[in-house]
Amino acid sequence: MLKKCLFFGLICCSFYACEKHTSLLEAGPALYLLDNVLDYNISPESKFDKSGLMFSDQGAWFAYGMSDTVNQLGFSGPFLLTQENGVWLSDALLTLEITGQQWKQHTSHGYASHLEQVFTSDQLSVSQQLVYASPHKALVKTVVKNTSDHALILDYFWKVNEIWAEEIELTKTENKLIIQSALSNATGYTLYDDKREQVRLLPGASIVLEYSQLFIFPEYQSLGDNFLLGRSDFDAVLDARKKGKVEQYEDLFSGLKPQFKDSIYQQLLCKALLTLQNNWRVPAGSIKHAGLFPSYHYKWFNGFWSWDSWKHAVGLSYYDLELAKEQVRLMFAFQEKNGFVPDVVFRDTTIEKHNYRDTKPPLASWAVHKIFEQSADLDFVKEMYPKLKKYHNWWYRDRDHDQDGICEYGSTDGSLIAAKWESGMDNAVRFDEAVILQNGPTAFSLNQESVDLNAYLYLEKILLSELAASLGLEIDEEDFSNQASILKEQINTQFYDAIDGWYYDTDISGTSMIKVKASEGWIPLWAKVANQDQANAVRTTMLDTNHFLTKVPLQTLNVSHPKFDPQKGYWRGPNWLDQAYFGIQGLRNYGFEREADQLTLTILEGAEGLLDKGTSIRENYHPVTGEGLNAHNFSWSAAHIIMLLVKE
């Protein structure tokens with residue numbers, strides 16, 4: 001076999017000889033199930049084309065697609081997440097051009113570990129593979145094989161295609177492309193053989209061509225040129241990624257709840273993990289810890305949100321504890337001295353400003369407690385406990401307008417919109433008549449007290465008490481436990497309507513209920529605030545076809561409400577899988593296992609594309625039609641699918 005190996009600095013790519021390929025079925029059931037779970041076939045038509053999905057790994061800030069045309073012998077992209085909202089650098093920066101060939105067939109396979117595509121003509125097969133050697137480097141390997149019965153003179157070269165992004169400057173030197181952008185301080189390199197070559201290829205013989213691509217932020221230059229730009233062993237890298245993915249996935253499969261052991265749910269679990277993988281980003285710019293985007297695919301979701309982060313961390317805790325810890329640390333790196341944690345932070349603050357106008361619902365202690373359950377890492381608890389305690393106490397200083405021990409959502413700047421954002425349910429019907437009240441110079445509350453917020457805070461007290469106990473902090477343990485007992489009584493007295501059998505928000509005085517039946521009404525079951533009789537009553541409404549038992553059940557607003565509008569309403573009717581999970585787990589907390597299982601199955605079967613290969617996990621779903629709505633590749637949906645399927 002002839003072999004010609006080359007590599008780039010910006011993107012590192014390499015290809016395998018066809019005869020060396022190992023069947024993923026032979027590699028184990030986990031990898032076999034990963035074949036095309038997400039469809040990465042896209043030949044983009046413009047820099048903002050998001051009609052297809054993109055593949056990345058190891059937290060890289062650049063991604064790829066696979067060609068969906070027989071005539072493009074190269075991977076689509078790269079797709080640059082270093083740019084505002086993400087852009088395609090090119091339809092395919094490098095494509096292999098072979099003179100005199102008419103390509104007739106094209107097949108592609110996307111796995112968790114790598115991408116593969118094969119092109120065939122009457123005389124040749126061209127096999128291409130792409131794998132990430134690090135967060136900064138992708139390797140591509142191309143194998144060209146003579147499949148005819150006679151010798152061929154192979155005339156070939158790598159074509160550098162048009163750059164679409166006008167803010168990108170491309171400099172070409174011998175065997176190297178250098179990519180620089182006005183919108184990013186990451187530098188890209190592509191090392192390749194830029195010469196036209198001719199080689200005589202005997203029947204059955206192959207040549208192997210390799211190149212690499214990198215995008216390097218300044219803070220990683222200290223790793224050194226040899227690590228960043230030096231040649232990587234493609235076969236060793238790919239074998240390691242395959243092995244790692246097999247171990248990771250099969251370990252997670254072993255934790256599936258018995259009722260979800262079927263291969264269709266294993267496939268869905270693969271899809272959830274791939275969604276999180278493709279949204280994973282390593283530290284860069286102002287971001288000092290790794291974390292997940294809500295969705296690389298949606299133009300506004302290129303930052304890190306606190307509420308999302310806590311949910312991501314819980315999902316990650318089932319299979320990647322170190323990344324789960326980093327996701328939590330990412331947000332707490334921005335905690336202010338008074339305990340406040342901002343709503344969202346970004347890598348590049350010249351493009352997007354961090355949002356300190358509001359925070360998000362208090363689920364951070366849940367995330368840390370779940371990580372501790374999975375890891376028994378006391379050092380992590382010791383690191384995070386003071387931050388969690390400070391954050392928890394902040395709510396009672398800045399978001400308890402009348403100092404009655406019941407908190408409200410609010411904002412730091414006095415704006416009503418930011419106060420609604422703080423709930424995480426931006427335009428929920430329950431806030432339609434809300435107004436802002438001032439608590440202090442930078443502390444404002446809505447004029448209503450929310451049942452979900454206070455149920456979250458109740459659970460935080462329970463979890464903080466347990467974390468304090470693990471650290472031997474007996475005074476804190478007892479104090480938080482006592483606070484929880486008091487708050488539990490307050491919640492059940494103030495927010496529960498015994499006639500309706502439902503939990504509602506109230507006005508600031510706690511005497512008038514805001515009677516909107518919505519998903520916040522079952523949060524007391526998830527937080528274990530309700531007594532059994534209250535849980536029984538809430539269950540009845542959750543399973544009522546006039547309220548929440550729809551095609552994709554447990555949506556955010558009951559189906560009979562006059563303002564129910566899932567198509568355009570965002571938080572006014574769609575099914576969000578986090579809220580559905582809280583409802584299902586809430587039922588399990590009170591012994592309703594059969595109902596919880598049936599609701600889970602109904603959601604998974606009713607939500608468009610969830611159980612199909614190729615389709616992405618959506619931000620939310622239409623509860624009546626099942627249609628996927630809003631963003632594709634949504635991380636917290638994926639995280640909560642893991643929670644629904646895997647044993648606690």
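We now turn to the structure provided with this report. (Residues numbered from 1 in each chain as written. Predicted model: local features only at pLDDT ≥ 70, side-chain atom pairs only at ≥ 80, totals over all residues. Heavy atoms only, no water.)

An order of E21-E23-E22 is seen for the 3 strands of this open sheet, with the pairing classed as antiparallel. Single-partner strands in this sheet number two, and they are strand E21 (410–411) and strand E22 (436–440). Across 4 bridges, the pairing between E22 and strand E23 (residues 443–446) is antiparallel. Directly across from Gln438, in E23, lies its bridge partner Phe444. (Pairing = 2+ DSSP bridges. Helix = DSSP H or I, 4+ residues; strand = E, 2+ residues; numbered from the N terminus.)

Next up on the list: helix H4 (residues 234–253). Compared with the 28 Å implied by 1.5 Å per residue over 20 residues, the 28 Å span of H4 between its first and last C-alpha is a close match. Between the side-chain oxygen at the start of H4 and the backbone nitrogen of Asp235 there is a gap of 3.1 Å, and the oxygen is on Asp233. (Expected span 1.5 Å × (residues − 1). Polar contact = N/O pair within 3.5 Å; in protein donor to acceptor, adjacent residues only side chain to side chain.)

Attention shifts here to the packing of aromatic side chains. Under the definition given, this model contains 43 aromatic pairs. Three or more aromatic residues joined by ring pairs make a cluster, and in this case those are Tyr298, Phe301, Trp305, Trp307, Phe346, Tyr570, Trp571, Trp576, Phe634 and Trp636. Above the plane of the ring of Phe293 lies Arg281, whose end atom (NZ or CZ) is 4.9 Å from the centre. Geometry around Trp61 places Arg347 over its ring, the cationic atom sitting 5.3 Å from the centre. (Phe/Tyr/Trp six-rings, centres within 6.5 Å; stacked < 30°, edge-to-face > 60°. Lys NZ or Arg CZ within 6 Å of the ring centre and 35° of its normal.)

Ranked by size, the top nonpolar core spans 189 residues in total, and within it Trp310, Val328 and Leu645 carry the most contacts. Looking at which element gives the most residues to this core, the answer is helix H11 (residues 451–470), with 11 residues. Non-local contacts of Leu645, meaning those with residues more than four positions away in its chain, are made with Leu256, Lys257, Phe260, Tyr265, Leu268, Leu269 and Leu604. (Core = buried A, V, L, I, M, F, W, Y, C linked by side-chain atoms within 4.5 Å. Buried < 20%, exposed > 50% of the residue type's maximum accessible area, 1.4 Å probe, protein only. Contact = heavy atoms within 4.5 Å.)

Glancing now at helix H15 (residues 577–589). In this model, H15 (13 residues) spans 18 Å end to end at C-alpha, consistent with the 18 Å of a helix rising 1.5 Å per residue. Where H15 is concerned, the buried positions are Leu577, Asp578, Gln579, Ala580, Tyr581, Phe582, Gly583, Ile584, Gln585, Gly586, Leu587 and Arg588. Just beyond H15, the residue with positive phi is Gly591, at close to 90°.

This part covers the sheet that holds strand E5 (residues 87–88). If you walk across this open sheet you meet the 3 strands as E3-E4-E5, and the pairing is antiparallel. A single partner strand is all that each edge strand has here, and the edge strands are strand E3 (62–65) and E5. The pairing of E3 with strand E4 (residues 76–80) spans 3 bridges and is antiparallel. Following the sheet pairing, Gly65 is matched in E4 by Ser76.

Time to look at a negative patch on the surface. A surface patch of like charges, here negative, comprises Glu466, Glu474, Glu477, Glu478 and Asp479. If you tally residues by element for the negative patch, the top one is helix H12 (residues 474–494), at 4 residues. (Patch = residues over 30% accessible without salt bridge, like charges linked within 9 Å, V, L, I, M, F, W, Y side chains within 5 Å. Areas by Shrake-Rupley, 256 points an atom, 1.4 Å probe, with all protein chains shown as cover. Salt bridge = Lys/Arg side-chain N within 4 Å of Asp/Glu carboxyl O. Lys, Arg positive; Asp, Glu negative; His and termini not counted. Charge placed at Lys NZ, Arg CZ, Asp CG, Glu CD.)

This part covers the side chain of Lys311. Mapped onto the elements, Lys311 comes out in helix H6 (residues 306–316). On the basis of relative accessibility, which here comes to 0%, the residue Lys311 falls in the buried class. Excluding anything up to four places from it in sequence, Lys311 contacts Leu363, Trp366, Asp578, Trp636, Ala639, His640 and Met643.

Before going further, it helps to spend a moment on the pattern of salt bridges. On inspection of all chains with the given rule, the structure shows 33 salt bridges. When the shortest N-O distance is used, the salt bridge between Glu166 and Lys47 registers 2.9 Å. Of this pair, Glu166 sits in the loop between strand E11 (152–160) and strand E12 (168–173) while Lys47 sits in the loop between helix H2 (29–33) and E3; the two residues are 119 residues apart in sequence, bridging distant segments of the chain. Exposure remark for Lys47: the relative accessible area of 13% places this residue in the buried category. A single salt-bridge network, built from bridges that share partners, covers Arg430, Asp452, Asp505 and Glu520.

Geometrically, the link from Gly77 to Pro78 is a cis peptide bond, its omega value of 10° lying close to zero. Structurally, Pro78 can be placed in strand E4. Located in the positive-phi region is Ala376, a residue other than glycine, with phi close to 55°. In this structure, Lys528 takes a positive phi of about 65° despite not being glycine. By the secondary structure assignment, Lys528 is in the loop between helix H13 (523–526) and helix H14 (532–542).

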